[in-house]
Structures are given as structure tokens and as C-alpha cells.
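# An overview of the molecular structure
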Amino acid sequence: MQAITVRDRNAGLAGMSLTDMPYPHAAENDVIVRVHAAGFTPGELDWPATWTDRAGRDRTPSVPGHELSGVVVELGYGTTGLSVGQRVFGLADWARDGSLAEYTAVEARNLAPLPADVDHTVAAALPISGLTAWQGLFDHGRLTTGQTVLIHGAAGGVGSIAVQLAHEAGARVIGTGRASGRDRALALGVDTFIDLETEKLEDAGEVDVVFDVIGGEILDRSAALVRAGGTLVSIVMPPKVQPKDGRAVFFVVEPDRAQLTDLATRLRDGRLKPVVGAVRSLADAPAAFGPGNRTPGKTIIRITED
Ligand SMILES: NC(=O)c1ccc[n+]([C@@H]2O[C@H](COP(=O)([O-])OP(=O)(O)OC[C@H]3O[C@@H](n4cnc5c(N)ncnc54)[C@H](OP(=O)(O)O)[C@@H]3O)[C@@H](O)[C@H]2O)c1
């Protein structure tokens, strides 16, 4: 089968190529998925798990990309909950070969069924941004109806999903970002938008939850906005400044079938719209990874047509 591989940590992107690879092995509780569409994170060549397994052993050549949508073609021993021929989408393990491949082995519990009328290209754009937004708002931020949430980077990949989820949950949503993102953020459900380059973040007033995707000085200044009992959540780094009378949380997204299933229902109903950017072929994936080739929205690698 064909896959995109990276071979040499020092070479990074220069060592990325389209390669013939052995068909993957379905370990216990795995499924093999024929990948129709895949997503990647531009920074993943900097992640240790791209180069080594959980025990720290070199695992190159490794296949990047961890978001996928496709069809189950094989079940490993003992695998339950999914069947051959089923449409699925989800998140591949960080420390195993990923989704920029014609076939990939994934633990079944990291995947959810995909409704027949949801396109693989759209579904592949959702696992990381959808799960991160969900877990940040509701698991870590404990956001509830009637509360106020401030979402940094509201027009970006994770922020735009967080805005839609928070708005639908009945929260008042303050979004931030640059002027170029204002109209998109307002259209997605932001009640008030703050342009961080020309307006004062502190004008947001007190909020119950801050959801940060920017980090640094913006994150540190956000701690003072959290009202008593509230939460400062960051997906970029642990906050250096703590809210005076609240919690601060940094977390890394985890696979979750129940949350993926809920996200898929919202996709099907049109209540949730991930922003898909360029759609490229597997052979074009190395070029798509390059910093000069990014377009707004999530770049999707379309590998197999329906
Ligand atoms: N911990 C986790 O599990 C997890 C999961 C997913 C992502 N992440 C991380 O979260 C971060 C965001 O991911 P993403 O996919 O949402 O990125 P993205 O699509 O680039 O979105 C970031 C948004 O924030 C805006 N922004 C960034 N810096 C800004 C600044 N100084 N002032 C105003 N606006 C600013 C960007 O505007 P411009 O586009 O105009 O710059 C963009 O709209 C990345 O660092 C990613 O690695 C972590």
C-alpha cells in the first residue's frame, strides 16, 4: 500500500515522501481502516511520538496524520463494537503509524460510526478540533447554559468549533482573534468579538470560562478575567498566572467514542460545520505540510474516493 512516511528526525519535512509500505497488522482490539480522507497537524513533526514508540524506541519510517475517516476492512482478534464495511471516523494513536496511508490500524475504541450522509472529507476535519473543543469547554471548563465563555482564536480550527458548541449549549460567547476573523466568528455564534490587535482584552469583563488556543502573554492576561469558581483552560501550555479564585487547566485531547458520536450527529444535522480548506491528494501531502502552503481552514488529504 502507499503511505506518506518520515524517516529522519533531523531532516524533518525534507525526509517526507510517498512510499510503498507493508499492509498494517490488526493487533488485538484494532480495526484496519481503508482511509478515504485524512487530516494532519502541521506541528506533528516536532512531537516525540512521531519518531518513537511509547517505550522511546525509534519507530521510523513512521506515517504521520492522526485524523481519519474511512471504512473498516478488517477486525483484530477480540475487537467488538464495529464491523467490516462500516463507515467510521476518529483519532489514530499518536505513537503508531497514522492516517496518511491507504490503510491504517487503529484501536476500535478511538473510532465512532459515521452516518452515511456525512462526507469523509468533512468528517476527517473534525476529530482533533471537535474533541479538543468539547473536552476544553465541557470536561475541563465545566461550561453550562447561561454562563459566559471567552474563546481565543475564535475563527481558527479549534476555536471555530468551540464557538459553535458553546453557542448551542446556551452560553454567551465572547470571541477573540484578529480583525480578519471577526465576520467568520460572528457568523458562527460569537456574541461579542474582540480584535486582540486593536482592542483591549480586559474589556471582556468577568467570564466563567476562558478557552485559550494562543498561549503566552494572551493566556497570562486572561487569568484575571476568570470570575470566582471559574476555569482558565489552555490547549497550548500550562498557564503561568493562575485565576485568583478559580482553576487553571492545560490538557491534551483524548479519543472518545461517545463524544465523536455526538459530534457526528451534529455534523449530519448541519448544527456543526468544520472549516475545510484545501483538499489535496496523498502524493501532494508533503507539499501541503510545508509552511508556505497553508490555506485558511483544515487541509484534508483525500486518499480514496467513495
Ligand atoms: N492540547 C491539545 O490537545 C491541542 C489540540 C489541538 C490543537 N492544539 C494547539 O492549539 C493551537 C491552536 O490550534 P488551531 O488548529 O485552532 O490553530 P489555528 O487554526 O491557527 O487557530 C488559531 C487562531 O488564533 C488566532 N491567533 C493566533 N495568535 C493570535 C494573536 N496573537 N492574536 C490574535 N489572534 C491570534 C489565529 O489567527 P491567524 O490565523 O490570523 O494567525 C487563528 O484564528 C495550536 O498551537 C495547536 O497545536 C492543541
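Being a predicted model, the structure only gives us computed values, none of them experimental.

For an interface, size is often stated in terms of accessible area lost upon the parts coming together. On domain assignment, one finds that the chain holds domain 1 (2-125 + 275-302) and domain 2 (129-250). A separation of 29 Å is found between the C-alpha centroids of domain 1 and domain 2.

Bringing the side chain of Thr 104 into the picture now. For Thr 104, the position within the fold is in strand β6 (residues 103-107). Accessibility expressed as a relative area gives 2% for Thr 104, which makes it buried. Within the structure, Thr 104 has its side chain in polar contact with the backbone oxygen of Gly 98 (distance 2.8 Å). In this view, Thr 104 contacts Pro 24, Val 31, Ile 32, Val 33, Val 35, Leu 68, Asp 97 and Gly 98; residues no more than four positions away in its chain are not counted.

Moving on: helix α3 (residues 157-168). Owing to its 3.6 residues per turn, the α-helix aligns residues three or four sequence positions apart on the same side. With 12 residues, α3 extends 18 Å from end C-alpha to end C-alpha; this agrees with the ideal 16 Å at 1.5 Å per step. Counting buried positions along α3 yields nine of 12 residues, so the element is predominantly enclosed. Here α3 has its buried residues at Val 158, Gly 159, Ser 160, Ile 161, Ala 162, Val 163, Gln 164, Leu 165 and Ala 166. Of the surrounding secondary structure, the elements contacted by the buried residues of α3 are α2 (127-140), β8 (148-151), β9 (172-177), α4 (182-188), β11 (207-212) and α6 (257-269). In the stretch just after α3, Gly 170 is the one whose phi turns positive, near 85°.

What follows is about the sheet that holds strand β10 (residues 192-195). Here six strands make up an open sheet; going across it, the order is β10-β9-β8-β11-β12-β13 and the pairing parallel. The open sheet has two free edges, formed respectively by β10 and β13 (247-250), since each of these has just one partner strand. Shown here is a sheet whose adjacent strand axes are inclined to one another by a mean of 15°, direction ignored. For β8 and β9, the ladder comprises four bridges, and the chain directions are parallel. Across the sheet, Thr 148 pairs through a bridge with Arg 172, a residue of β9. On top of the sheet, α2 reaches β8, β11, β12 (226-234) and β13; it is set at about 150° to β11, its chief contact. Packing against the sheet, α3 makes contact with β8, β9 and β11, and its axis sits at approximately 170° to β8.

Parameters and conventions
- Residues numbered from 1 in each chain as written.
- Predicted model: local features only at pLDDT ≥ 70, side-chain atom pairs only at ≥ 80, totals over all residues.
- Heavy atoms only, no water.
- Domains from an automatic or database assignment.
- Helix = DSSP H or I, 4+ residues; strand = E, 2+ residues; numbered from the N terminus.
- Buried < 20%, exposed > 50% of the residue type's maximum accessible area, 1.4 Å probe, protein only.
- Polar contact = N/O pair within 3.5 Å; in protein donor to acceptor, adjacent residues only side chain to side chain.
- Contact = heavy atoms within 4.5 Å.
- Expected span 1.5 Å × (residues − 1).
- Pairing = 2+ DSSP bridges.
- Axes fitted to C-alpha atoms, helices over the stretch in contact; angles between N-to-C directions.

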